[in-house]
Amino acid sequence: MLKLNNVSCKYGAVLALSNVSMEVPDGKIVTLLGANGAGKSTALKAVSGLLQPFRGSIDWNGQKIETASCKQIVQQGIVHCPEGRQIFPELTVLENLKLGRYARRDTKDVKRDFEQVLEYFPRLRDRLHQSGGTLSGGEQQMLAIGRALMGGPKLLLLDEPSLGLAPIVTKEIMKIIKTINQSGVSVLLVEQNARLALSVADYAYVLEVGHIVIEGPSETVKNNSQIQELYLGMG
Ligand code: ATP
């Protein structure tokens, strides 16, 4: 279980997260919604060690991780799949995937995870020796998720996997996220597309300028009139 307790983060003088408390129970998909600049990516960065909170604590299975390094956090089973995919365009699909296992200690499971990734994303199998930069946007997103899975996560942090993708590709990716979750991986999903995120998540938090303003089971949040008006275009 991941737990953020009153976490606050800033960039210089800019306060990006203020007293954020949230949980991702084992085996669940939790989504973090909000407009541009609300602080969603910042929350993921705080969890994966890219940014250290100046206040509050982050617990992972009872251990405090807010001052741990990115590498230590990956080794404890939390893997961040960043916004904008950040694949290496000059490297092949295979090389990109191999990079995902860099921090692993349990190398015996790497081969199994590699086969699992190719099962989730058969399109990557057909393109293993093609450079990452020649893939379509949807395929690059699949590669980014595949690379994260090569780190052997127990918790996957996904930042806007739908960004810039056609609705049909987005649907395909969401279906795979659900399958990954059913295999036992918890997911913290950051999305601007609230409709999509609420359709796969168990629980949702809504951030507005660094504060959590609404939280609840996805079904409840979906029926909240404020959410319908502001995030689901039903006003
Ligand atoms: P988006 O959906 O646009 O990615 P977000 O909800 O993920 O938005 P963040 O990227 O977490 O939002 O940004 C939260 C706030 O922190 C914003 O005001 C942003 O301008 C600021 N911010 C983010 N990164 C930096 C940085 N490296 N330096 C300074 N300010 C930053």
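Residues numbered from 1 in each chain as written. Predicted model: local features only at pLDDT ≥ 70, side-chain atom pairs only at ≥ 80, totals over all residues. Heavy atoms only, no water.

A. The site of the ligand, seen in detail. In the vicinity of the ligand, 13 residues are found, and the nearest of them are N36, G37, K40, S41 and T42. A38 has a polar backbone atom sitting 3.0 Å from an oxygen atom of the ligand. Calculation on the ligand without its partners gives an accessible area of 630 Å², and the protein chains cover 63% of this total. Here the shell around the ligand gets three residues from one element, more than from any other, and that element is helix 1 (residues 40-48). Looking at the shell around the ligand residue by residue, the classes come out as four nonpolar, six polar and three charged. (Near = heavy atom within 4 Å. Polar contact = N/O pair within 3.5 Å; in protein donor to acceptor, adjacent residues only side chain to side chain. Areas by Shrake-Rupley, 256 points an atom, 1.4 Å probe, with all protein chains shown as cover. Helix = DSSP H or I, 4+ residues; strand = E, 2+ residues; numbered from the N terminus. Nonpolar A, V, L, I, M, F, W, Y, C, P; charged D, E, K, R; others polar.)

B. A look at the confidence of the model for the chain. Averaged over the chain, the pLDDT score is 94; the fraction of residues at 70 or greater is 100%. Interface confidence for the predicted complex, expressed as ipTM, amounts to 0.93; the pTM equals 0.95. (pLDDT = per-residue confidence, 0-100.)

C. Looking closely at the pairing of strand 7 (residues 155-159). In terms of residue burial, strand 7 counts as a mostly covered element, since five of its five residues are buried. On strand 7, burial covers both faces: L155, L157 and D159 on one face and L156 and L158 on the other are all buried. In terms of strand pairing, strand 6 (residues 78-81) meets strand 7 through four bridges, oriented parallel. The partner of H80 across the bridge, within strand 7, is L157. Examined bridge by bridge, strand 7 and strand 8 (residues 186-191) share five bridges and lie parallel to one another. For L156, the partnering residue across the bridge sits in strand 8 and is V187. Assessed by its sense of winding, the connection that carries the chain from strand 7 through helix 7 (residues 167-182) to strand 8 is right-handed. (Buried < 20%, exposed > 50% of the residue type's maximum accessible area, 1.4 Å probe, protein only. Pairing = 2+ DSSP bridges. Right-handed = clockwise from strand over helix to strand, strands pointing away.)

D. Layout of the sheet that holds strand 2 (residues 14-24). Read from one edge of the open sheet, four strands run 2-1-4-5, paired in antiparallel fashion. Each edge of the open sheet is held by one strand with a lone partner, namely strand 2 and strand 5 (63-64). One ladder, built from seven bridges, connects strand 1 (residues 2-11) with strand 2; its direction is antiparallel. Pairing of C9 across the sheet is with L17, part of strand 2.

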